[in-house]
Amino acid sequence: MAELISREGNKVEFKVTVPAAEVNRAYEQVWAGLARDVRVPGFRPGKAPRKVLEGRVGKGYVEQEVRDRLLQVHYPQGARDLKLNLVDATIDPADVVSGQAFDFTVKGETYPAVTLGDWKAASITATSPEITDEVLGRTLADLQERNATFESVNRAIEATDQVTIEEQGEEGGTYPVYLDVAEAHVREALLGKHKGDTVEITVPAHQHGDHEHAEHSVTVVVQDVKTKQLQELDDAFAASLNFENLERLRTDLKAELERRAQQEGDTARREEFINHLVEGMTVEIPRALLDTRRESMMAEIKDDLSRQGVQWGEYESFMQEQGKLDEFMADLAKNAETRVRRDLALEQLAEDLKVQVSDAEFNQTMNSLAQANNMTAQQLRTQLGPNGLNNYYASILREKGLQVAIAQLTAPAVADAAQSDEGQAEEAQPEAAQTEAEQAEGESQNAE
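Residues numbered from 1 in each chain as written. Predicted model: local features only at pLDDT ≥ 70, side-chain atom pairs only at ≥ 80, totals over all residues. Heavy atoms only, no water.

You'll find the protein chain entered in an unreviewed UniProt entry as Trigger factor, with Deinococcus oregonensis given as the organism. Its UniProt record gives the protein chain a comment under Sequence similarities (unreviewed entry), which states: "Belongs to the FKBP-type PPIase family. Tig subfamily." In its Function (unreviewed entry) section, UniProt records this for the protein chain: "Involved in protein export. Acts as a chaperone by maintaining the newly synthesized protein in an open conformation. Functions as a peptidyl-prolyl cis-trans isomerase." (UniProt positions renumbered as here; feature names shortened; annotations may be inferred.)

Have a look at this one:
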């Protein structure tokens, strides 16, 4: 049971009381987990007395685990019961005792008041790219290119050849160059040359990573010249990609292109609507909220760098040397404000629409996320912690509200499309295209 203690502006304090029955259930879950996971010499699995198990894991471990479990469940639930959308919070738990109710108090800050504009009058104009015969043809041609073979020839180098060159010097090596995608200075130097020719390639001044390279020359010897051989677009080509025939390849590839196009259109419509929502809202954002989001984003950046073996201090020093640190920090602050504004707008939208996420729906989403990360739901709850769970619930609520709003705005268009299609045979869902087809279509979307 959640009880509001005080609320002054954005500051709020509330108390949650967990019934003794819930406390006992949490104790039983923790003890069951210990009996399953802790091996005690001289006892069969699950048969060690609780006192012995407690001696193995340390005094106070069970109480801490029980307390964490109760907070993970009842802190987010208490905030939802009181309809409080918390930026962050400090939790002060009482001692947890088997057979007794468990109390904890929460002090936090709610998000600022937000007033949305008349989003129901918004016109969503973004559309999905059209998958025409031309797009399908370009994608098939790309498949041909990806599966091309090369045969050695004894002639001058041409624009689509693969040329094997040996770079001279101590750091030289032998490697292939595909002229149709090579840089201009490389292509121009090699065109018209023959196998065995020595070629000077002038490399213009350029920047690579954090180094400036002055103009210089590289000497190479042409080792081999190969011409590109494209397979015919026929049933044999389709079979080489694990399709029954060319017609099946075309059908499945088009279905995959249309699926990706639909995804692209959905994303564009979402962004168009969110931008409209943010532009039309009225809100005064506390500086503390922006600082909190900026610090959170900085922590993510530091974690990403650490996983790549780079310490933040080293990266910061590098940017300082390049004169880019101030620009980086300004971009970080700008992105933090953008994210905060989007979240505030979407959270108010969900509230205006009276969107709710049931416990069953939330638990199902948690279970799916845990499974995707090879974790148990309890491990995920522990990793997120009470505040993380509350934020995750808020993200689900925002997404659900967004889906409801866009469905309302696009419903007339959908209804019109359905009416115009009335009487036509419903197309059967085509089978998913194979991996080669999925990879091949990526760039063709940009051509529309």
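Q: Mind laying out the overall build of the protein chain, listing which residues take part and the relevant values?
A: Check the secondary structure of the protein chain and you find 13 helices and 13 strands. Relative to its full complement of 448 residues, the protein chain shows a buried share of 34%. Summarising the internal contacts of the protein chain: among those between residues at least 6 apart in sequence, 70% fall at separations of at least 24. Of the roughly 26800 Å² that the protein chain leaves accessible, carbon and sulfur atoms contribute 45%. (Helix = DSSP H or I, 4+ residues; strand = E, 2+ residues; numbered from the N terminus. Buried < 20%, exposed > 50% of the residue type's maximum accessible area, 1.4 Å probe, protein only. Contact = heavy atoms within 4.5 Å. Areas by Shrake-Rupley, 256 points an atom, 1.4 Å probe, with all protein chains shown as cover.)

Q: How would you explain the packing of helix α7 (residues 246–280) against helix α10 (residues 325–352) if you had to name every residue and give the values?
A: As a packed pair, α7 and α10 sit with axes 9 Å apart at the nearest point and diverge in direction by 90°. Between α7 and α10, the angle falls in the class roughly perpendicular. In contact with E271, F273, I274, N275, L277 and V278 of α7, α10 contributes R341, R342, A345, L346 and L349. Split into classes, the residues belonging to the contact of α7 with α10 amount to seven nonpolar, one polar and three charged. (Axes fitted to C-alpha atoms, helices over the stretch in contact; angles between N-to-C directions. Parallel < 35°, antiparallel > 145°, perpendicular 65-115°, else oblique. Nonpolar A, V, L, I, M, F, W, Y, C, P; charged D, E, K, R; others polar.)

Q: Provide a residue-level description of the pattern of salt bridges, including the pertinent values.
A: Inspection of the entire model under this criterion finds 25 salt bridges. Of the charged contacts, one joins E158 and R155 as a salt bridge, the two residues approaching to 3.7 Å between their closest N and O atoms. In this structure R155 comes out as partly exposed when scored by relative accessible area, which is 23%. The salt bridge partner of R270 is E399, with a shortest N-O separation of 2.8 Å. (Salt bridge = Lys/Arg side-chain N within 4 Å of Asp/Glu carboxyl O.)

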